[in-house]
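# Summary of the model geometry
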Amino acid sequence: MFGSLLLAVLPLIPYPQSVIEGTGCVGDVAPVYERDASLGAEAYRLRVADGRIVVTSATEAGAFYARQTLKQLRRKDGTYPSVEIADAPAFSWRGVLLDESRHFWGKEVVKRVLDRMAAFKLNVLHWHLTDSHGWRLQIDRYPELTDRGARRPIPDWDWNMRDADGAVGEYGPYFYTKDEVREILAYAKARHIRIIPEIEIPGHSREVILCHPSFTCLDWGTFVDMVRTCKQVDQAAALCVGNDEVMTFFEHVFDEVCELFPDEYVHIGGDECPRGNWKTCPKCQKRMKDEGLKNEDELQSWVTRRFSAYLAKKGRRIVGWDEILSGGLPEGATVMSWRGAEGGIAAANQGHCAVVCPHRMCYLDYPTGEKDDTCPYPRFCAKTRLPLEKVYSFDPLAGIPEAQHKFVLGSQTLNWGESTWTERDLNYKMWPRTCANAEVVWTGAKKRTYDDFRARLDGLLKSE
Ligand code: ACM
Ligand code: ZN
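Below: a short report on this structure. (Residues numbered from 1 in each chain as written. Chains lettered and ligands numbered in written order. Predicted model: local features only at pLDDT ≥ 70, side-chain atom pairs only at ≥ 80, totals over all residues. Heavy atoms only, no water.)

### Remarks on the coordination of the zinc ion (ligand 2)
- Surrounding the zinc ion (ligand 2) are the protein donor atoms Cys217 (SG), Cys240 (SG), Cys281 (SG) and Cys284 (SG), which sit 2.3 Å from the metal.
- Classification of the site at the zinc ion (ligand 2) as tetrahedral follows from its four donor atoms and the range of 105 to 113° in their angles at the metal.
- Spacing between the donor residues of the zinc ion (ligand 2) along the chain follows C-x22-C-x40-C-x2-C. Of this pair, Cys240 sits in the loop between helix H6 (233-236) and helix H7 (244-260) while Cys281 sits in the loop between helix H8 (276-280) and helix H9 (282-291), and the two are 41 residues apart along the sequence.
- Classification of Cys281 by relative accessible area gives buried; the value is 4%. (Donors = N, O, S within 2.8 Å, 3.2 Å for Na, K, Ca; no water. Tetrahedral: all angles 85-135°; square planar, octahedral: opposite > 155°, others 65-115°. Helix = DSSP H or I, 4+ residues; strand = E, 2+ residues; numbered from the N terminus. Buried < 20%, exposed > 50% of the residue type's maximum accessible area, 1.4 Å probe, protein only.)

Here's what the structure looks like:
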């Protein structure tokens, strides 16, 4: 009965590797599960025919993905079309970044994001928990981080100061307790989603410096002026890495992060850290001399190596933004390529793993360009547009020699919080563009045309 391909494509996103449509349908029966150890870790086969639904996989994850496919196949009358599917992801890192520092969402929103991620077979939540705009994770040893550090205490970009109702004023303190994190981790695990926490060093750390004034290279008056006037905010957010107290502080933070989060990866940031303060800071210059470092790029690289080694002792690996390439990568470091694809290409060529998510293809704070995109935060939404079609056109392997493809773990969309205030805003920006990226990373080389994707998306929306 199989083999007669029908013209209409089943509304499946991400589209499976192989779909053979049959004729007729199967009623609402419970699936039968079979194991086949020869299948890949996330692979599955699904056969809907002869009154039965049979799911075959090597793992629970494979069976879980088969169930997500079944949910999309299910028609309004409760039946399923006859079909035979063989499926497996092209990439192992199929992610979503959620920025909780600029805007704190809270656990119920996170759970709803995880539900949608699961429906589209996404498996990594990159949880951006710390940044200059607020520290969002309980650290028992340093309660000030979730008090002062979790508020927005000083004038900042004005559109960053609005709370969900659009009011301007103090924001926070908002943060996740460890119990809430455990609850979210369990919720994600049940959906075969890993959570990678991000703790930003050595830039984007203004909220930490506000709690610990000795952590800046600058004198306090200069630091406060920079923050008040919103000038050189990146420079103000750089930690003094010549200060041993800074190193010890973050070792303690990473101790607690590793106790809480089970994943092998910890994201240590590394982006947008201007190195100007370090040039004139006696402590940073002494560090460079003591460690035999030729320039400030090497100083940042020293920080990356130091925490990479610290985390390696705990059995963890680091992932960092592509700036960690300059000055040299520590062994085992994974690069998240955001300024373009070049960081991913360089990492792969050096035999390092990469997650390729260039901002022009994957940053969902860019407006969609659709008529109904009200983009109420014009200061942030410059000229760049990121329409659905462009997200769909992305190829994480572009420019990477075939021999290095194995180093490309995958991609993700990035949901920065500056211009996202309500869950409606978040959903509007995240979906369906994240569906397009989900197909990029799951279907891979077998990705279909954009028109085909649109038709399936419309089909899915109609069946909701
Ligand atoms: C970034 O957008 N600074 C990673
Ligand atoms: Zn310094």
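### Digging into the packing of helix H2 (residues 107-119) against helix H14 (residues 423-430)
- Where H2 contacts H14, the two axes come as close as 12 Å, and the packing angle between them is 20°. Relative to H14, the element H2 lies roughly parallel. Classified by chirality, the crossing of H14 by H2 is right-handed. Across the interface between the two elements, Val109, Arg112, Val113 and Arg116 from H2 touch Glu423, Leu426, Asn427 and Met430 from H14. (Axes fitted to C-alpha atoms, helices over the stretch in contact; angles between N-to-C directions. Parallel < 35°, antiparallel > 145°, perpendicular 65-115°, else oblique. Left-handed = near helix turned anticlockwise from the far one by under 90°. Contact = heavy atoms within 4.5 Å.)

### A few points about the pattern of salt bridges
- Scanning the model with the defined rule gives 30 salt bridges in all.
- For the salt bridge of Arg102 with Asp131, the shortest nitrogen-to-oxygen distance reads 3.4 Å. On the criterion of sequence distance, the pair formed by Arg102 in the loop between strand E6 (93-99) and H2 and Asp131 in strand E8 (residues 130-131) is long-range, its members being 29 residues apart. Both residues of the pair, Arg102 and Asp131, belong to the buried class.
- Residue Asp452 is joined to Arg456 by a salt bridge in which the shortest nitrogen-to-oxygen separation is 2.6 Å. Here Asp452 and its partner Arg456 are both found in helix H16 (residues 450-463), four residues apart, which amounts to about one turn of the helix. Across this residue pair, the class does not change: Asp452 and Arg456 are buried. (Salt bridge = Lys/Arg side-chain N within 4 Å of Asp/Glu carboxyl O.)

### With respect to the state of the cysteines
- The tally for this structure, following the rule as stated, stands at zero disulfides.
- With no disulfide of its own, Cys362 lies closest to Cys357 among cysteine sulfurs, the gap being 5.7 Å.
- The class for Cys362 is buried, based on a relative accessible area of 0%.
- Sulfur of Cys435: no disulfide; nearest cysteine sulfur belongs to Cys362 and is 14 Å away. (Disulfide = S-S within 2.5 Å.)

### Observations regarding the environment of Thr222
- Within the secondary structure layout, Thr222 lies in helix H5 (residues 220-228).
- Since its relative accessible area comes to 31%, Thr222 is described here as partly exposed.
- Each C-alpha atom, one on Thr222 and one on Asp179, is 38 Å from the other, the two residues being 43 residues apart in sequence.

### Some remarks on the sheet that holds strand E13 (residues 334-337)
- Here we have eight strands rolled up into a closed barrel, ordered E6-E7-E10-E11-E12-E13-E14-E15, and parallel in their pairing. The average angle at which neighbouring strand axes cross in this sheet is 30°, direction not considered.
- As paired elements, E6 and strand E7 (residues 124-128) share five bridges and run parallel to each other. From the neighbouring strand, Leu98 faces E7, where its bridge partner is Trp127. (Pairing = 2+ DSSP bridges.)

### Thoughts on helix H3 (residues 178-189)
- Its twelve residues place the ends of H3 16 Å apart at the C-alpha level, agreeing with the 16 Å of an ideal helix rising 1.5 Å per residue.
- Among all positions in H3, only Lys178, Val181, Ile184, Leu185 and Ala188 are buried. Summarising the axial view, the buried residues of H3 lie within an arc of 120°, below the 170-degree limit, and thus occupy one face.
- On the buried face of H3, the contacting elements are H2, E7, strand E10 (194-201) and H7. (Expected span 1.5 Å × (residues − 1). Arc of directions from axis to C-beta.)

### A word on the packing of H9 against helix H10 (residues 296-313)
- Closest axis-to-axis distance for the H9/H10 pair is 10 Å, and the angle between their directions is 80°. The orientation of H9 with respect to H10, classified from their angle, is roughly perpendicular. In contact with Cys284, Gln285, Arg287, Met288 and Glu291 of H9, H10 contributes Glu296, Leu299 and Trp302.
- Residue classes in the contact of H9 with H10 are distributed as four nonpolar, one polar and three charged. (Nonpolar A, V, L, I, M, F, W, Y, C, P; charged D, E, K, R; others polar.)

### Points about helix H15 (residues 433-443)
- Most of H15 sits inside the fold, with eleven of its eleven residues counted as buried.
- Buried within H15 are the following residues: Arg433, Thr434, Cys435, Ala436, Asn437, Ala438, Glu439, Val440, Val441, Trp442 and Thr443.
- After H15 finishes, the residue Gly444 shows a positive phi value of roughly 60°.

### Examining the packing of aromatic side chains
- Considering all chains together, one arrives at 21 aromatic pairs under this definition.
- Between Phe104 and Tyr176, the ring centres sit 4.6 Å apart and the planes meet at 45°, which makes this aromatic pair tilted. With Phe104 in the loop between E6 and H2 and Tyr176 in the loop between strand E9 (134-135) and H3, the pair connects residues that are 72 residues apart, well separated along the chain.
- In this structure Tyr176 comes out as buried when scored by relative accessible area, which is 0%.
- Site record: aromatic cluster; members linked through ring pairs are Phe104, Trp127, Tyr171, Tyr174, Tyr176 and Phe261.
- Over the aromatic face of Trp442 sits the side chain of Lys121, whose NZ or CZ is 5.7 Å from the ring centroid. (Phe/Tyr/Trp six-rings, centres within 6.5 Å; stacked < 30°, edge-to-face > 60°. Lys NZ or Arg CZ within 6 Å of the ring centre and 35° of its normal.)

### Section: the environment of Phe407
- Structurally, Phe407 can be placed in the loop between helix H13 (388-392) and strand E15 (408-415).
- Contacts of Phe407, omitting those with residues within four sequence positions, involve Ala348, Gly351, His352, Cys353 and Ala354.

### Considering the side chain of His212
- Structurally, the position occupied by His212 is in the loop between helix H4 (206-211) and H5.
- When its relative accessible area of 17% is taken as the criterion, His212 is described as buried.
- Residues within four places of His212 in sequence aside, it is in contact with Glu144 and Phe249.

### Some details on unusual backbone geometry
- Put simply, Gly172 and Pro173 share a cis peptide bond, and its omega is 5°.
- When you line up the elements, Pro173 lands in the loop between E9 and H3.
- With omega at -10°, the peptide bond leading from Ile201 into Pro202 counts as cis.
- Mapped onto the secondary structure, Pro202 falls in the loop between E10 and H4.
- For His192, which is not a glycine, the phi torsion comes out positive at approximately 60°.

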